[in-house]
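# A structural walkthrough
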Amino acid sequence: MAEEAVFDLVHMEAVSYVFQGEKISEDEAVAKLEHMGFATGYRLVERLTRESGRFKDELDIMKYICKDLWVTVYKKQIDNLRTNHQGVYVLHDNRFRFLSRMAAGKQYLQYAPRYLAFTCGLVRGCLANLGITCVVTAEVTQLPACKFQIQVQRG
């Protein structure tokens, strides 16, 4: 329980530092958080998968992200994984940890991307280390639920 609180506080402080500490644009700040997440995810998945077997296919890797990785980082599984079997995966989290402390109204919806950028980078970094080049975006329509869309880059 204590490590969860520390992780939440470190994440909030990182977001606060990037957005208030330096005089950069919103897009640059989001990119900086996404890069922090990428580096973290790249290294983390290397440690987590060190003793596991090879993955069969792309879908097997996505299932690993939704189950094992999400439990390790966020202490719960993804609520839903959807795919069109053509390189697009959508991960639904109905109570995303970094958004659950925000008010459930629409007034804070504009700040949600700040708190999702690190996780987008984390997922992208994990997948990059597992051999999948992709673009990860996040969408919030109702707090604290969110969707992470993974578009695999082919060719």
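Residues numbered from 1 in each chain as written. Predicted model: local features only at pLDDT ≥ 70, side-chain atom pairs only at ≥ 80, totals over all residues. Heavy atoms only, no water.

As a further point, take the environment of Phe98. Residue position: Phe98 is located in the loop between β2 (88-93) and α4 (112-129). Taking the relative accessible area as the measure of exposure, Phe98 reaches 8% and is therefore buried. A C-alpha to C-alpha distance of 7.6 Å links Phe98 and Leu116, two positions 18 residues apart in sequence. With residues up to four places along the chain from it excluded, the contact list for Phe98 reads Phe7, Asp8, His11, Tyr74, Tyr115 and Thr119. (Helix = DSSP H or I, 4+ residues; strand = E, 2+ residues; numbered from the N terminus. Buried < 20%, exposed > 50% of the residue type's maximum accessible area, 1.4 Å probe, protein only. Contact = heavy atoms within 4.5 Å.)

This paragraph deals with the packing of aromatic side chains. If you walk through the whole model with that rule in mind, you get eleven aromatic pairs. Aromatic pair Phe55 and Tyr64: ring centres 5.2 Å apart, planes at 55°, arrangement tilted. Look at Trp70 and Tyr74: their rings are 4.8 Å apart centre to centre, the planes differ by 45°, and that puts the pair in the tilted class. Of this pair, Trp70 and Tyr74 both sit in helix α3 (residues 58-74), four residues apart, roughly one helical turn. Look at Trp70 and you get buried, because its relative accessible area is 0%. An aromatic cluster of at least three residues, connected via ring pairs, comprises Phe7, Trp70, Tyr74, Phe96, Phe98 and Phe148. (Phe/Tyr/Trp six-rings, centres within 6.5 Å; stacked < 30°, edge-to-face > 60°.)

With that out of the way, let us pick up unusual backbone geometry. Between Leu143 and Pro144 the backbone carries a cis peptide bond, its omega angle lying at 0°. By the secondary structure assignment, Pro144 is in the loop between β3 (134-139) and β4 (146-152). Backbone geometry at Lys75 places phi at a positive 60°, although glycine is not the residue there. A residue is classified by how much of its surface remains accessible, and Lys75, at 40% relative accessible area, is partly exposed.

Attention shifts here to the sheet that holds β4. Within the open sheet, the four strands sit side by side as β1-β2-β4-β3. Their pairing is antiparallel. Of all strands in the sheet, those bounded by a partner on one side alone are β1 (80-83) and β3. Shown here is a sheet whose adjacent strand axes are inclined to one another by a mean of 15°, direction ignored. Lying on the sheet, α3 is in contact with β1, β2 and β4; it crosses β2 at an angle near 15°. Along the sheet, α4 makes contact with β3 and β4, crossing β3 at roughly 155°. (Pairing = 2+ DSSP bridges. Axes fitted to C-alpha atoms, helices over the stretch in contact; angles between N-to-C directions.)

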